[in-house]
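Okay, here's what each chain looks like letter by letter:
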Amino acid sequence: MFGKRIKLFTLFGFEVRIDLSWIIIAVLVVWSLAVGFFPFRYKYLSVETYWLMGVAGAVGLFLSIIFHEIFHSLVARRFGIPMKGITLFVFGGVSEMGEEPTSAKVEFLMAIVGPLSSIAIALGCYGVYLQASSSGWPESVDGVVQYLAYINALLAAFNLLPAFPLDGGRALRAILWGLRKNLRWATRVSSSVGFGFGVLFILSGVFQFLTGNMMGGIWLFLIGMFLQNAARMSYQQLVIRKALEGELVHRFMKPDPVVVSPSTSIQHLVEDYVYKYHFQMFPIVEGSEKLVGCITTKELKEIPRGEWAHKTVGEVATKCSAENTISPQADATQALSLMARTGSGRLIVVEGNRLVGVITLKDMLKFLSLKMELER
Ligand SMILES: [Zn+2]
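This is a predicted model, so every value here is computed, not measured.

**Student:** Go over the packing of aromatic side chains with me, naming the residues and quoting the values.
**Tutor:** Throughout the structure, instances matching the rule amount to 12 aromatic pairs. Ring centres of F279 and F282 lie 5.8 Å apart, and the angle between their planes is 45°; this geometry places the pair in the tilted category. Its relative accessible area of 2% is what places F282 among the buried residues. By the ring-pair criterion, three or more aromatic residues cluster together here, those being F37, F38, Y147 and Y150. Lying across the ring of F40, K43 places its NZ or CZ 4.9 Å from the centre. The ring of W185 has R180 sitting right over it, with the charged end atom 3.9 Å from the ring centre.

**Student:** Explain the environment of W177 residue by residue, including any values.
**Tutor:** For W177, the position within the fold is in helix 5 (residues 167-180). Judged by relative accessible area, which is 12%, W177 ranks as buried. Not counting residues up to four positions away in its chain, the partners in contact with W177 are P101, T102, S103, A104, E107, N182, L183 and A186.

**Student:** Tell me what's going on with the pattern of salt bridges, and back it up with residues and numbers.
**Tutor:** When the charged atoms of two side chains lie near each other, side chains of opposite charge can form a pair. Here the structure, examined in full by the defined rule, presents 8 salt bridges. One salt bridge in this structure joins E107 and R170, with 3.0 Å as the shortest N-O distance. On the criterion of sequence distance, the pair formed by E107 in helix 3 (residues 104-134) and R170 in helix 5 is long-range, its members being 63 residues apart. Overall, the relative accessible area of 2% leaves E107 in the buried class. Note that R173 is salt-bridged to E107, the shortest N-O span being 2.8 Å. In this pair, R173 is assigned in helix 5 and E107 in helix 3, connecting sequence segments 66 residues apart. Among the ionic contacts, a cluster of salt bridges with common partners joins K7, E15 and R17.

Rules and cut-offs
- Residues numbered from 1 in each chain as written.
- Predicted model: local features only at pLDDT ≥ 70, side-chain atom pairs only at ≥ 80, totals over all residues.
- Heavy atoms only, no water.
- Phe/Tyr/Trp six-rings, centres within 6.5 Å; stacked < 30°, edge-to-face > 60°.
- Buried < 20%, exposed > 50% of the residue type's maximum accessible area, 1.4 Å probe, protein only.
- Lys NZ or Arg CZ within 6 Å of the ring centre and 35° of its normal.
- Helix = DSSP H or I, 4+ residues; strand = E, 2+ residues; numbered from the N terminus.
- Contact = heavy atoms within 4.5 Å.
- Salt bridge = Lys/Arg side-chain N within 4 Å of Asp/Glu carboxyl O.

None of the figures reported here should be taken as evidence of function without further support.
Shown next, in the form of structure tokens:
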């Protein structure tokens, strides 16, 4: 779901990042405010003023979303759930949890503070707007503050929909979880509701599009697709997490991975390893199992073809990073998170500086499907 992320700043110890997709949205927001929303509501301002209002509105929206997410993170931290930071992406923000909430109560509180903080901003902005219009502030300021009141109310309303994984859906899951003490069932029900809302959004998007509201229709359609996808993924993730919980990496590990010696030439590596095994990364091992580095196809691309014959792997290798290595004692869910984050389906298993094996997504999934079949 995430593409390239840029770190912006740290707030209360949480790293705030934006996904590149957010930049596109920011441009769209500024544009639609400056040429649509503000000129429609305030007829006699200059073009420059509309653009300034558009930028101010988008910055305000951006800060509002951070405010909303920060509250999720603060509550999570209060209950000891490690938070990895906040990422703003196409449809708002996501607070990244290191773990799932520990109890129904914690999940409920964590979910509900988000919309509550948006309602608080909406009310605050509405108060400022009333004050501003009675004391004759410039229309441009008036307009931006009114827009922020409106958009935050909309954000709160949208997030309160009982559509998992939106905040309202998380609150619903927490209530169901508390009632029946069964997280899996609660997740299945609330993500089905989320999926249903996704379908509703898509259908109304198509309807709006066909009846002439093209822009609105496209927005609804995209939100519906996003919701549907997120609901399905969250349920799958939970099922996988539950099944893998407590299983250690060494259980899935294959003990003798394909390795390359430091004296191998690049030519040889490409012809006899990369084209043969189709892996994107090879561990470089000296002697029988001493890991000296890693080489990735990304690094190979940097080397001019003419040098392939007389350069060795040892000369261009880099140290293996935390992105492609894992300990045999780590939890399998950790391996899964790492794979999800890096997009690589294969990690090398390292103990100290010894290479002990390799773990692949394929083997983990095979294990999962067997486990689910036997324990159904
Ligand atoms: Zn939220």
